[in-house]
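# Descriptive structure summary
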Amino acid sequence: MRYAMAIDLDRCIGCRTCAVICKDHNAEPRGIWWNRVFSPGAPEYGTSVIVDGMPRMEFVPISCQHCENAPCQQVCPTGATYTDDTGTVLVDYEKCIGCRYCITACPYEVRQFNWSKPDGVEGVDGEYRWGYPEDYRQDGRLVYTPVRPEGVVEKCTFCVQYTNQGGIPACCTGCPANARIFGDIEDPESEISQYMSGRQWLVLGESFGTKPKVYYLPSTRGEGE
Amino acid sequence: MTEQTQHTRKWPIILAAVFIAVGCAAWICQLTMGLLVGSGMSNTFAWGLMIAVFAFLVGFGAGSQFVASYIVLANRKDLMPYVKTAQAVALAGAIGAGVAILIDLGHPAHIMAMLTGPNPTSALTWDMIALTVFIVIAIINVIAIARNSKALKFWMVLGLISAFALQLVEGLLFALMEARVWWHSFIMPVDFIVVAVVCGLAIAVIVCALKKDEFKPEALHDLSFLLAVAIIVHLVLAVIELAIVCFGGSAADGGALAAIGSVWLFYVLELGLPLAAVFVLLLGKKDPAKSMLVGGVLTVVGMFFHRLMLLYPAFASPTLYVPLSNEPSPSWALPASTGLYNHTGNAFEIAQGYIPNFFEWASMLLPLGVALAVFLVVVWFVAKVGKPAAEASGAQDTIEVKETVEVHESADDPEVAEVKEALVEQERGEDR
Ligand code: SF4
Ligand code: SF4
């Protein structure tokens, strides 16, 4: 079994719901984003770029690519970063020493560090916390906790707390355009295999040799223009 | 001992104590307040000043081991008085570097995970092993020097190998990062070894210049010349490193160049100061000792900027470039989440600058203070160990007693005897 995700760039409308729902379901502390959506060429927010004299705008969502050949895992000195049986790359919060070597090794800049004690948001009657409310352990390893320890690294887990219980990642549930398709890429009958069948796809940062398991179906806009 | 010598011996101890106290206080502040306010780092610029200090100190440690081993193994009797100091710097630099890497950790409480389940594919694991082995061998070398051991040459060979391995691993720790074009080349491990030689020789040149009366002018000249050659080799490697990025042609290469441009002054100082040192060392014939001092200091400062410049081109530039679909369009960097929200920066940035903040500068004093303290302890230990026998027998001149023992011990090995004689000479010089 190999979990993977396909992202259809023709369908993505750049609404960033995936980024927000991810932050919400995974109790990402302030300042931390596992998921980001940008328009290539736009310095920060989605603005169009001029290509051949014409404005173009396309959205590329990026989160952990769950690389088959993950440099983050290779460099992690404690084995805190590991790949589980489904091919999902996870971080055991109880083993991470916060050396940040994995951040330097990841070409996709998706790893996030808890630079401070996680901050909650002030609610009406005190502190308001959000996200899946309980710890989630995989074979004893703490791969999700709603209140993060300070000084550890975190990133997209494909929503391990849901996928291990038969669900799908929150970004796939939340995407209003159905641009994200998740499933077992080794199963030809799975939704993702069916969706990708016969279609062109690409991976980001192919030259790094990381073999990502997030596949991008390029936009057909601009084709043959 | 005069009042003045007592005074000059006291101030390094006071300095080390102050450095350690201030460094500890700053580190505790960082631990309690969190690195968000305790540092200028971000998710995109994830390694900061402490990593530069780590590489800086480890360079002096390994480099001084190179120098100590060279003097003993090449039987440079004229430089033998420096061996003790070189070995002390070797151990001090390595322990200081270890402290730097420990206090850089975000969650040091989990450190046991590294000892109980080290990941063999990680260069940081290799680094932990290489640094530990280096420190153990350096300690043995200190004892061997102090006790004028017959096996000194053997341990110096091991010291040389461990220093070489340590610098190789340090270089690989960076060079294996394919995501960072500034590091990902064969130059990195080679230059780590050369820079260590530069650092070791720079300290040797400074110390020997300060104690110029203990050395023959030819010995001092040799040291200056060796340092100048090592600097030139390093500068050639630095130029090749720059050329690789200049002619790489990728968007990431362009990003690294832009990052260099944003801190061009650091880069100019990194290359300019050691280059100036070469001229001073080779051309300053009027007052060689003064030229050595100036050249050595210029080199040390230049090497600090060199270590800082490990970081900027690697972290202040994006790693991932994405094109538009179906367009031969240029590749563009996507902004990354910086991890900053209400302090110093935007939530998302294509590239994030870095200015170490007050707490980082202050906590940098901890590894430097520990290194200085270790250096002082080693010097004290080496001076002390030879003495009890003499003191027990009531003899006033400890060297005489040592000499008798030494000649007896090494009668069967003329080479060892030579080394020891030179060490005795050194002690005489110091006692004078
Ligand atoms: S995208 Fe980055 S964090 Fe995710 S598996 Fe690949 S290297 Fe690791
Ligand atoms: S920061 Fe944590 S997960 Fe990343 S390499 Fe270090 S120990 Fe591993």
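Residues numbered from 1 in each chain as written. Chains lettered and ligands numbered in written order. Predicted model: local features only at pLDDT ≥ 70, side-chain atom pairs only at ≥ 80, totals over all residues. Heavy atoms only, no water.

## Examining the overall build of chain A
When you go through chain A residue by residue, the secondary structure sums to 6 helices and 15 strands. Relative to the 2.2 N^0.38 estimate, which gives 17 Å for 225 residues, the radius of gyration of chain A is 18 Å and therefore close to what a compact globule would have. With respect to the three principal axes, the spread of C-alpha positions in chain A is 55 × 40 × 30 Å. In chain A, which comprises 225 residues, the proportion classed as buried is 63%. Put simply, 65% of the contacts in chain A that link residues at least 6 apart link residues at least 24 apart. (Helix = DSSP H or I, 4+ residues; strand = E, 2+ residues; numbered from the N terminus. Rg over C-alpha atoms; globule rule 2.2 N^0.38 Å. Buried < 20%, exposed > 50% of the residue type's maximum accessible area, 1.4 Å probe, protein only. Contact = heavy atoms within 4.5 Å.)

## Describing the environment of Asp24(A)
All names here are of chain A. When you line up the elements, Asp24 lands in helix α1 (residues 17-25). In this structure, the C-alpha to C-alpha distance between Asp24 and Ala170, residues 146 residues apart in sequence, is 9.1 Å. If sequence neighbours within four positions are ignored, Asp24 has contacts with Trp130 and Gly131.

## Focus: the sheet that holds strand β1 (residues 3-8) of chain A
What holds strands together in a sheet is hydrogen bonding between their backbones, with the strands either parallel or antiparallel. Residues and elements named next belong to chain A. Taken in spatial order, the 3 strands of this open sheet run β14-β1-β15, and their pairing is mixed. Each edge of the open sheet carries a strand with a single partner, namely β14 (180-184) and β15 (214-217). Across the sheet, the mean angle separating the axes of adjacent strands is 20 degrees when strand polarity is ignored. In terms of strand pairing, β1 meets β14 through 5 bridges, oriented antiparallel. Following the sheet pairing, Ala6 is matched in β14 by Ile181. (Pairing = 2+ DSSP bridges. Axes fitted to C-alpha atoms, helices over the stretch in contact; angles between N-to-C directions.)

## Thoughts on the packing of helix α3 (residues 49-73) of chain B against helix α8 (residues 187-210) of chain B
Between two packed helices, both the angle of their axes relative to each other and the distance between the axes serve to describe the pair. Residues and elements named next belong to chain B. Viewed as axis vectors pointing N to C, α3 and α8 meet at an angle of 75 degrees, and their least axial separation amounts to 7 Å. Classified by the angle between their axes, α3 and α8 sit roughly perpendicular to one another. Of the residues in α8, those touching α3 at Ala55, Gly59, Phe60, Ala62, Gly63, Ser64, Phe66 and Val67 are Phe192, Ile193, Ala196, Val197, Cys199, Gly200, Leu201, Ile203 and Ala204. Class assignment of the residues belonging to the contact of α3 with α8 gives a composition of 13 nonpolar, 4 polar and no charged. (Parallel < 35°, antiparallel > 145°, perpendicular 65-115°, else oblique. Nonpolar A, V, L, I, M, F, W, Y, C, P; charged D, E, K, R; others polar.)

## Let's talk about the pairing of strand β12 (residues 141-144) of chain A
Each regular strand carries side chains that alternate between the two faces of the sheet. Where strand β11 (residues 136-138) of chain A meets β12(A), 3 bridges bridge the pair, whose relative direction is antiparallel. Its bridge partner lying in β12(A), Tyr136(A) is registered against Tyr144(A).

## A few points about the site of ligand 1
Near ligand 1 there are 13 residues, and of these Cys64(A), Gln65(A), Cys67(A), Cys72(A) and Cys106(A) occur at the shortest range. Taken together, the residues that form the shell around ligand 1 break down as 9 nonpolar, 2 polar and 2 charged. (Near = heavy atom within 4 Å.)

## Side note on the nonpolar core
Generally speaking, soluble globular proteins have nonpolar side chains that are buried together. Counting residues in hydrophobic clusters, the biggest one holds 176 residues, and the most contacted among them are Tyr101(A), Trp47(B), Tyr82(B), Phe174(B) and Trp183(B). The residues contacting Tyr82(B), other than those within four sequence positions of it, are Val67(B), Ile71(B), Gly200(B), Ile203(B), Ala204(B), Val207(B), Cys208(B) and Phe215(B). Counting residues in each nonpolar core, the second largest holds 9 residues, with Ala4(A), Ile181(A), Ile192(A) and Val203(A) among its members. (Core = buried A, V, L, I, M, F, W, Y, C linked by side-chain atoms within 4.5 Å.)

## Side note on the site of ligand 2
Around ligand 2 sit Cys76(A), Pro77(A), Thr78(A), Thr81(A), Cys96(A), Ile97(A), Gly98(A), Cys99(A), Arg100(A), Cys102(A), Arg111(A) and Val153(A), and those are all the residues in its vicinity. For the shell around ligand 2, the residue count by class is 7 nonpolar, 3 polar and 2 charged.

## Notes on the interface of chain A and chain B
Quoted interface sizes are often the accessible area lost when the parts come together. At the interface, 63 residues of chain A touch 60 residues of chain B. Regarding the contact of chain A and chain B, the summed buried area is about 5,100 Å², with carbon and sulfur atoms giving 56% of it. Interface area lost by chain A to chain B is led by Tyr101(A), Glu109(A) and Trp115(A), which between them contribute 16%. Inspection of the region where chain A meets chain B yields 1 salt bridge. (Buried area = accessible area lost by both parts, 1.4 Å probe. Salt bridge = Lys/Arg side-chain N within 4 Å of Asp/Glu carboxyl O.)

## Brief notes about the pattern of salt bridges
Side chains that differ in sign of charge can pair as their charged atoms come close. Scanning the entire structure with this criterion turns up 10 salt bridges over all chains. Residues Asp8(A) and Arg199(A) are paired through a salt bridge, measuring 3.3 Å at the closest nitrogen-oxygen approach. Of this pair, Asp8(A) sits in strand β1 while Arg199(A) sits in the loop between α6 (191-196) and β15, placing them 191 residues apart in sequence. On the basis of relative accessibility, which here comes to 2%, the residue Asp8(A) falls in the buried class. Among the residues examined, Arg199(A) registers a relative accessible area of 34% and is labelled partly exposed. Between Asp78(B) and Arg76(B) there is a salt bridge whose closest N-O contact spans 3.1 Å. Using a relative accessible area of 23% as the deciding quantity, one classes Asp78(B) as partly exposed. What makes Arg76(B) buried here is its relative accessible area of 15%.

## Thoughts on the environment of Gly159(B)
All names here are of chain B. Looking at the element boundaries, Gly159 is found in helix α7 (residues 152-175). On the basis of relative accessible area, Gly159 is assigned to the buried category, the value being 0%. What Gly159 contacts, discounting residues up to four positions off in sequence, is Gln65, Ser69, Ile137 and Asn141.

## As for the side chain of Asn119(B)
Structurally, the position occupied by Asn119(B) is in the loop between α5 (112-116) and α6 (123-146). Look at Asn119(B) and you get buried, because its relative accessible area is 13%. Among the polar contacts listed, one links the side chain of Asn119(B) to the side chain of Thr121(B), at a separation of 3.1 Å. Apart from residues lying up to four places away in sequence, Asn119(B) is in contact with Gln73(A), Gln74(A), Cys76(A), Pro77(A), Thr78(A), Gly79(A) and Thr125(B). (Polar contact = N/O pair within 3.5 Å; in protein donor to acceptor, adjacent residues only side chain to side chain.)

## Concerning the packing of α3(B) against helix α14 (residues 365-385) of chain B
All names here are of chain B. Relative to each other, α3 and α14 sit at 20 degrees, their axes nearing to 10 Å. What the angle tells us is that α3 and α14 run roughly parallel. Two packed elements cross with a definite hand, and for α3 against α14 that hand is right-handed. Along the contact surface, α3 presents Met50, Val53 and Leu57, while α14 presents Pro367, Leu368 and Ala371. By residue class, the composition of the contact of α3 with α14 is 6 nonpolar, no polar and no charged. (Left-handed = near helix turned anticlockwise from the far one by under 90°.)

This is a description of form; function is not addressed.
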